[in-house]
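Examining the three-dimensional arrangement
Each chain, letter by letter, is given below.
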Amino acid sequence: MAAPLRRVSTTAEQVDAGDLSPRMSVPASASREVRVLAQAFNHMLDRLRDAFDAQQEFVADASHELRTP
């Protein structure tokens with residue numbers, strides 16, 4: 001039980017450092033609770049990545065509009 005939770009912790013540390021690419025992979029033998037946690041964690045990271053991508057696109061568009069009259 002502790003090993004998957006340590007992987008979640010390690011992945012969270014990578015995300016905290018600015019890397020949104022890691023995802024949790026959980027073996028089928030893991031408990032249902034750990035699988036649900038990993039899926040929720042991965043979904044959260046996907047949504048964060050989408051939000052940051054949208055923000056970068058908005059900033060690029062706004063920057064372009066401000067540079068060109």
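Structure first, text after, so check above.
Right, let's walk through the structure included here. (Residues numbered from 1 in each chain as written. Predicted model: local features only at pLDDT ≥ 70, side-chain atom pairs only at ≥ 80, totals over all residues. Heavy atoms only, no water.)

Regarding the nonpolar core
Buried together is how nonpolar side chains tend to be arranged in soluble globular proteins. Counting seven residues, the largest nonpolar core consists of Val 8, Val 15, Leu 20, Met 24, Ala 38, Phe 41 and Leu 45. A per-element tally of this core places helix H2 (residues 32-67) first, with three residues. Setting aside anything within four residues of it in sequence, one finds Val 8 in contact with Met 24, Leu 37 and Phe 41. (Core = buried A, V, L, I, M, F, W, Y, C linked by side-chain atoms within 4.5 Å. Buried < 20%, exposed > 50% of the residue type's maximum accessible area, 1.4 Å probe, protein only. Helix = DSSP H or I, 4+ residues; strand = E, 2+ residues; numbered from the N terminus. Contact = heavy atoms within 4.5 Å.)

Concerning the side chain of Asn 42
Looking at where Asn 42 falls in the secondary structure, it is placed in helix H2. For Asn 42, the residues in contact, after removing those within four places along its chain, are Arg 23 and Met 24.

Concerning the environment of Arg 35
Structurally, Arg 35 can be placed in helix H2. A residue is classified by how much of its surface remains accessible, and Arg 35, at 32% relative accessible area, is partly exposed. Separated by 15 residues in the primary sequence, Arg 35 and Asp 50 have C-alpha atoms spaced 23 Å apart. Discounting residues that sit within four places of it in the chain, Arg 35 has contacts with Val 26, Pro 27, Ala 28 and Ala 30.

Some remarks on H2
The terminal C-alpha atoms of H2 lie 52 Å apart, and with 36 residues this matches the ideal 52 Å at 1.5 Å per residue to within 8%. Among the residues of H2, those classed as buried are Val 34, Ala 38, Phe 41, Asn 42 and Leu 45. Against the buried residues of H2 lie helix H1 (2-16). (Expected span 1.5 Å × (residues − 1).)

With respect to the pattern of salt bridges
For the structure on display, the rule yields two salt bridges. The closest approach of N and O atoms between Asp 46 and Arg 23, which form a salt bridge, is 2.9 Å. Of this pair, Asp 46 sits in helix H2 while Arg 23 sits in the loop between H1 and H2, and the two are 23 residues apart along the sequence. By relative accessible area, Arg 23 is classed as partly exposed at 33%. Between Arg 49 and Asp 53 there is a salt bridge, with the nearest N and O atoms lying 3.7 Å from each other. (Salt bridge = Lys/Arg side-chain N within 4 Å of Asp/Glu carboxyl O.)

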